[in-house]
Amino acid sequence: MKHRTLTWIAILVGLTTLVPVAAGQDWPQWRGPSRDGALTAFSPPGSWPKGLTQRWRVDVGPGYATPLVVGDRIYVYSRQDEDEVMRALDAGSGKVIWRSSYPVSFKMNPATARHGPGPKSTPTFADGRLFTLGMTGIVTAFDAETGKRLWQKPAPPVQPMFHTAMSPLVDGRLVIVHVGGHDNGALTAFDVATGEVRWSWNGDGPAYGSPLVFDLGGTRQVVTFTQRNFVGVSVATGELLWSRPYTTQATTTSQTPILYKDTVIETGRGNGITAFRVVRQGNQWKTENVWHTDEVSVHMSDAVAIDGVLFGLSHLNSGQYFGLDLDTGQVLWRSDPRQAEHAAIARAGHTILSLENDAELVVVRHSRVKFDPIARYEVATSETWAQPAVSKNRLFVKDASLLTLWTLD
């Protein structure tokens with residue numbers, strides 16, 4: 001399954017990240033509690049086992065959304081037949097606690113057919129509610145205890161070229177979603193309780209990555225890629241504060257921003273990696289580049305920062321892991337080429353977990369000098385584009401349609 005050529009067509013996934021469960025830290029949203037791929041409540045074993053033990057497997061339908069872990073429940077967002085489905089499962093048994101669905105029919109872009117009609121956006125859990133963005137742009141809020149639909153916004157008249165993938169961001173009383181589609185979108189803040197629009201910025205269509213909130217220059221900002229730009233928008237008002245032109249080949253920008261110290265990390269298909277600062281001068285904002293490299297470039301697979309090093313999978317050379325010094329931009333090492341088409345990456349301390357799209361989970365030791373894999377496991381029989389969820393010795397893996405619990409015995 002490995003070493004296949006990179007296809008330009010992205011799933012443009014809400015490319016998910018590793019998730020602790022139950023008695024550990026919850027993993028309530030895209031890329032974890034801080035949306036940065038960091039596992040803070042997972043302790044890697046002293047010795048990794050030769051194999052994993054399968055405990056249960058359930059068919060939940062197609063989709064690449066991260067399974068969320070909150071307490072003793074797993075929340076899974078997928079598609080079954082003509083419905084988009086949100087369900088709650090018991091983390092220990094995989095049994096369904098509740099299921100809520102609504103009908104969605106749409107015409108797929110043929111270029112995305114390989115990846116199926118299931119949602120690519122990861123839900124967000126906050127204060128007893130679940131928020132989803134469906135493939136056609138339907139925004140829904142559910143009661144997490146019962147599955148009751150609290151409010152819903154219909155699909156907009158236009159979609160992104162490759163359908164939706166950004167994952168909702170909850171900040172206080174706001175849930176922020178970039179609605180709309182190609183050449184016609186709006187970064188929108190909805191009231192979490194009522195769905196009422198609190199503010200909207202309609203300066204660009206959506207991209208496929210997910211937004212974060214950064215405190216830059218003393219102002220809390222929604223920082224996100226859009227169809228043609230990289231922007232910072234005031235969380236309080238929706239005012240555009242700064243913007244940098246940013247496009248990628250075939251309009252496939254699909255990254256999530258990274259904040260390292262006071263620099264924002266910008267990367268996307270064919271554009272290398274850039275670090276820049278956001279500077280306020282009076283009432284004006286501007287950005288200043290700190291460093292740039294074209295030696296590596298990230299597409300779809302979001303990277304993680306560990307002790308001043310960015311670990312990621314470059315799409316160059318048919319998939320090549322790398323380590324990059326975040327202070328200088330120097331590439332410290334690169335693995336052999338042709339590693340994977342995509343990797344869902346997260347970290348726990350100095351241990352990196354990378355689920356490649358060919359269903360191989362690679363465990364990597366953090367290093368400033370080399371690619372240092374220490375274990376490999378086959379965890380599915382179909383492609384894996386969603387990040388596994390990890391808690392204690394448990395590994396929840398979502399493949400094309402199945403959700404499986406493996407244990408590290």
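Up top you'll find the structure we're talking about.
Residues numbered from 1 in each chain as written. Predicted model: local features only at pLDDT ≥ 70, side-chain atom pairs only at ≥ 80, totals over all residues. Heavy atoms only, no water.

### Notes on the overall build of the protein
- The helix and strand inventory of the protein stands at zero helices and 32 strands.
- Relative to the 2.2 N^0.38 estimate, which gives 22 Å for 409 residues, the radius of gyration of the protein is 20 Å and therefore close to what a compact globule would have.
- By its C-alpha atoms, the protein is 60 × 50 × 40 Å across when sized along the principal axes.
- Here the protein holds 409 residues, and 62% of them are scored as buried.
- Long-range contacts, defined as pairs at least 24 residues apart, comprise 53% of the intrachain contacts of the protein with a sequence gap of at least 6.
- Computing the positive centroid from 39 side-chain charges and the negative centroid from 38, the protein places the two 2 Å apart. (Helix = DSSP H or I, 4+ residues; strand = E, 2+ residues; numbered from the N terminus. Rg over C-alpha atoms; globule rule 2.2 N^0.38 Å. Buried < 20%, exposed > 50% of the residue type's maximum accessible area, 1.4 Å probe, protein only. Contact = heavy atoms within 4.5 Å. Lys, Arg positive; Asp, Glu negative; His and termini not counted. Charge placed at Lys NZ, Arg CZ, Asp CG, Glu CD.)

### A closer look at the sheet that holds strand 32 (residues 402-407)
- The strand order across the open sheet formed by four strands is 1-32-31-30, and the pairing between neighbours is antiparallel. Because the sheet does not close on itself, it has two edges, and the strands there are strand 1 (53-59) and strand 30 (389-391). Taking each pair of neighbouring strands and ignoring which way they run, the sheet shows an average axis angle of 15°.
- Two elements, strand 1 and strand 32, share six bridges in a ladder whose sense is antiparallel. If you follow R57 over to strand 32, its bridge partner there is T404. (Pairing = 2+ DSSP bridges. Axes fitted to C-alpha atoms, helices over the stretch in contact; angles between N-to-C directions.)

### Notes on the sheet that holds strand 15 (residues 219-225)
- Strand order in the open sheet formed by four strands is 14-15-16-17, with antiparallel pairing between adjacent strands. What marks the edges here is a single partner per strand, and that holds for strand 14 (212-216) and strand 17 (240-245). Strand after strand, the sheet turns through a mean of 25° between neighbouring axes, direction not considered.

### A short note on the side chain of R31
- With respect to the helices, strands and loops of the structure, R31 is situated in the segment before strand 1.
- Buried charged residue R31 carries no salt bridge. Nearest counter-charge: D302, at 4.5 Å.
- Side-chain polar atoms of R31 contact the backbone oxygen of A303, separated by 3.0 Å. (Salt bridge = Lys/Arg side-chain N within 4 Å of Asp/Glu carboxyl O. Polar contact = N/O pair within 3.5 Å; in protein donor to acceptor, adjacent residues only side chain to side chain.)

### Digging into the pattern of salt bridges
- In this structure the tally under the stated criterion is 17 salt bridges.
- D171 is the salt-bridge partner of R220, the closest N and O atoms lying 2.5 Å from each other. Here the residue R220 occupies a position in strand 15, and D171 occupies one in strand 10 (residues 169-171), the gap between them amounting to 49 residues.
- Its relative accessible area of 39% is what places R220 among the partly exposed residues.
- Residue classification places D171 among the buried residues on the basis of a relative accessible area of 17%.
- A salt bridge links D327 to K261; the shortest N-O distance between them is 3.1 Å. Here D327 is found in the loop between strand 24 (320-325) and strand 25 (331-334), whereas its partner K261 is found in the loop between strand 18 (258-260) and strand 19 (263-267), with 66 residues between them in sequence.

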